[in-house]
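Commentary on secondary and tertiary structure
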Amino acid sequence: MNCEGAKDRLLDYLNNELPAADRATLDAHLANCPDCRHELAETKQVWQLMATVPTPEPRPDMRTNFYAMLDTFAEAEAARPTRSWTSILDQIKSFWTPTLAARLAYSLLLVSLGVAAGYWLQQKQSPDVAYRQQIDTLSSQVQEMRQMMMLSMLENPSATERLRAVSYTKDISDVDGRVIDALLTTLNNDPNVNVRLVTLEALADLGHDSRVREGLIHALPQQDSPLVQVALADVMVKLQEKRSLKPLRQMLRQEGLNDLVKSKIEQTIRELS
Amino acid sequence: MLQVKAGDMQKMGLLFERYHRELFGFLYHMSGSADASEDMVQTVFYRMLKYRHTFTGDGSFRSWMYHLARNVLVDSVQKNKRSAHHHDVAEYAERIGGGARADESMQREQELATLQDALTKLSPEHREVLVLSRYQELKYEEIARILNTTEGAVKVRVHRAMNELKKLYLRLEH
């Protein structure tokens, strides 16, 4: 063993951690090496001196303080809610006061009462005659309102408004004499050709009414616009109104009659007779 | 400790009784202050309670205790840079009972003071391994576990520390 190896092992030697074989070799080296013996002596001195460094006793308050701390900690820990199911249940239980239970029961009762009442009312009134009557009344009122509105709108100076008024007749299910009169008046007197055409269209849809047919026949000689005259002739064909032959023949005798209208009327007369 | 972890706080008392002297000794030799060490013992045990969930039970309770103690030491050094090292040694010498060494020679007293001086001049890493091996009488294997290193590395460090201490001691003595 060389000095390097020996010095590395001095501490273990002092510590009694050296295996017996190494110990013997080191002993042998030390016997022959004064340098290493000196080194060992120094190390030994310090090593042994270290053991004499006193360790004081901790004061008794340390123990007292520790137990005080432990108690405080354990208490704080016990007070802190742990996240287990039982603790959650406990929390719910602590929430569950009699007042809350009463309130919950009351609100549940109210809700079930409402549901029950709803069912009861629905069953009782399902074939509701009164309700239907009410609806009928209401819808007839709406019809009347529409008629009123239409009639008043026909008086409107704006052609657009009058057009709209005429278009309302499609929505009026029960057309009465007033409406037909108003429409016929419009057909004969309205200054706007478009309004007259739309009115004619609306009246043609009401062709099943005898008053409308008569009115249309009377309207024939009163028309001066070729467009309306042609459209009116078409309506006569559509309605197969033979009573219109007389006024149509009268129209042919009119002076300054448009050629196109003339041929159209002649065609209509042929189709009707 | 596993019982403490499971919620039985009072079991901590047993651990305190068994280990507080050892812990105090380590902290005292590392810090040189008995007062500070008493406080630090308290802190270590408090942290054991607070961080009990970090105790896995894989290593021994002892190494875990040293782990915590080293952290507390680092904290206290940072908190108290002026390090009143060994200032109260004299005060404690009285409490230990000077009578015990009354018959010892003045030279012995002198040597001891020199050694303590030398120990404080060691780097904390070197002082630590010496304290652990010489005062706490821990095996290299255990020290390695505490320091998160290998047994061989601990051995080397102890040797270096010892050589360093010897050098310092001899220089101070002469």
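This text follows the structure it describes.
Now for a look at the structure at hand. Since the model is a prediction, treat every value here as computed from it, not as a measurement.

Observations regarding the overall build of chain A
Per the secondary structure count, chain A includes 14 helices and zero strands. N-terminal to C-terminal, the α/β element order of chain A is α-α-α-α-α-α-α-α-α-α-α-α-α-α. Partitioning the contacts of chain A with sequence separation of at least 6, the portion at a separation of at least 24 is 62%. Working note: accessible area of chain A is about 17500 Å², and carbon and sulfur atoms make up 56% of it.

Observations concerning the overall build of chain B
Along the backbone of chain B there are nine helices and zero strands. Written out in order from the N terminus, the α and β elements of chain B read α-α-α-α-α-α-α-α-α. Per-residue burial for chain B yields a buried fraction of 48% across its 174 residues. Surface accessibility of chain B: about 9000 Å² in total, with carbon and sulfur atoms responsible for 48%.

Notes on helix H2 (residues 12–31) of chain B
Residues and elements named next belong to chain B. With 20 residues, H2 ought to run about 28 Å at 1.5 Å a step, yet its terminal C-alpha atoms sit only 25 Å apart, falling short of that. At Tyr19, H2 shows its strongest bend, of approximately 50°. H2 sits mainly inside the fold: 16 of its 20 residues count as buried. After H2 finishes, the residue Gly32 shows a positive phi value of roughly 80°.

Notes on the packing of aromatic side chains
Given two aromatic rings, one states the distance between the centres and the angle between the planes to describe the pair. Applying the stated criterion across every chain, the model contains twelve aromatic pairs over all chains. Measuring from centroid to centroid gives 5.1 Å for Phe66 of chain A and Phe45 of chain B, while their planes differ by 70°, and the two rings are edge-to-face. Within this pair, whereas Phe66 of chain A is found in helix H4 (residues 60–79), its partner Phe45 of chain B is found in helix H3 (residues 34–50), the two belonging to separate chains. For the pair shown, Phe66 of chain A and Phe45 of chain B are each scored as buried. Judged by centre distance (6.0 Å) and plane angle (70°), the ring pair of Tyr67 of chain A and Phe16 of chain B falls under edge-to-face. Taken together, the residues span two chains, with Tyr67 of chain A in helix H4 and Phe16 of chain B in helix H2. Its relative accessible area of 28% is what places Tyr67 of chain A among the partly exposed residues. When its relative accessible area of 1% is taken as the criterion, Phe16 of chain B is described as buried. By way of ring pairs, the aromatic residues Phe66 and Tyr67 of chain A together with Phe16 and Phe45 of chain B are connected into one cluster. Positioned above the aromatic ring of Tyr13 of chain A, the side-chain terminus of Arg23 of chain A is 4.4 Å from the ring centre.

Thoughts on the packing of helix H7 (residues 124–135) of chain B against helix H8 (residues 140–147) of chain B
Residues and elements named next belong to chain B. As a packed pair, H7 and H8 sit with axes 10 Å apart at the nearest point and diverge in direction by 135°. Judged by the inter-axis angle, H7 sits oblique to H8. As H7 runs across H8, the sense of the crossing is right-handed. Seen from H7, the contacting residues are Glu128, Val129, Leu132 and Ser133; seen from H8, they are Tyr140, Ile143 and Leu147. Grouping the amino acids of the contact of H7 with H8 by side-chain chemistry returns five nonpolar, one polar and one charged.

Concerning a nonpolar patch on the surface
There is a patch of nonpolar side chains on the surface, built from Trp96, Leu100, Leu104 and Leu108 of chain A and spanning about 420 Å² of accessible area. Along the chain, the position of Leu104 of chain A falls in helix H6 (residues 98–124).

Looking at the interface of chain B and chain A
Contact with chain B, which involves 48 residues of that partner, is made by 36 residues of chain A. Carbon and sulfur atoms make up 65% of the area that chain B and chain A hide from each other, which totals about 4000 Å². The shortest N-O distance in the salt bridge between Glu38 of chain B and Arg59 of chain A comes to 3.0 Å. Among the elements of the structure, H2, H3, helix H5 (89–96), helix H6 (106–121), H7 and helix H9 (151–173) of chain B are those that each provide at least two residues to the side of chain B that touches chain A. Of the residues that constitute the side of chain B that touches chain A, the class distribution is 23 nonpolar, ten polar and 15 charged.

So, the state of the cysteines
Covalent bonding between the sulfur atoms of two cysteines defines a disulfide. Residue and element names in this part refer to chain A. Under the defined criterion, the tally for this structure stands at zero disulfides over all chains. The closest cysteine sulfur to the non-disulfide-bonded Cys3 is located on Cys33, 3.5 Å from its own sulfur. Free cysteine Cys36: the closest other cysteine sulfur is in Cys33, separated by 3.6 Å. Relative accessible area serves as the criterion here: at 1%, Cys36 is assigned to the buried category.

Notes on the packing of H2 of chain B against H7 of chain B
All names here are of chain B. At a closest axis distance of 10 Å, the pairing of H2 and H7 adopts a crossing angle of 145°. The two elements H2 and H7 cross, and the hand of that crossing is right-handed. Of the residues in H7, those in contact with Phe26, His29 and Met30 of H2 are Pro124, Arg127, Glu128, Val131, Leu132 and Tyr135.

Observations concerning the environment of Gln110 of chain B
Locating Gln110 of chain B in the fold gives a position in helix H6. It is 8.8 Å that separates the C-alpha atoms of Gln110 of chain B and Glu173 of chain B, two residues lying 63 residues apart in sequence.

Observations concerning unusual backbone geometry
If you check the backbone angles, Gln240 of chain A has positive phi at about 50° while not being a glycine. Mapped onto the secondary structure, Gln240 of chain A falls in the loop between helix H12 (226–239) and helix H13 (245–253). Accessibility expressed as a relative area gives 44% for Gln240 of chain A, which makes it partly exposed. Here the phi dihedral of Glu137 of chain B falls at roughly 50°; this positive angle occurs in a residue that is not glycine. Along the polypeptide, Glu137 of chain B turns up in the loop between H7 and H8.

Calculation rules
- Residues numbered from 1 in each chain as written.
- Chains lettered and ligands numbered in written order.
- Predicted model: local features only at pLDDT ≥ 70, side-chain atom pairs only at ≥ 80, totals over all residues.
- Heavy atoms only, no water.
- Helix = DSSP H or I, 4+ residues; strand = E, 2+ residues; numbered from the N terminus.
- Contact = heavy atoms within 4.5 Å.
- Areas by Shrake-Rupley, 256 points an atom, 1.4 Å probe, with all protein chains shown as cover.
- Buried < 20%, exposed > 50% of the residue type's maximum accessible area, 1.4 Å probe, protein only.
- Expected span 1.5 Å × (residues − 1).
- Bend = angle between axes of the 7 residues up to and from the residue.
- Phe/Tyr/Trp six-rings, centres within 6.5 Å; stacked < 30°, edge-to-face > 60°.
- Lys NZ or Arg CZ within 6 Å of the ring centre and 35° of its normal.
- Axes fitted to C-alpha atoms, helices over the stretch in contact; angles between N-to-C directions.
- Parallel < 35°, antiparallel > 145°, perpendicular 65-115°, else oblique.
- Left-handed = near helix turned anticlockwise from the far one by under 90°.
- Nonpolar A, V, L, I, M, F, W, Y, C, P; charged D, E, K, R; others polar.
- Patch = residues over 30% accessible without salt bridge, like charges linked within 9 Å, V, L, I, M, F, W, Y side chains within 5 Å.
- Salt bridge = Lys/Arg side-chain N within 4 Å of Asp/Glu carboxyl O.
- Buried area = accessible area lost by both parts, 1.4 Å probe.
- Disulfide = S-S within 2.5 Å.

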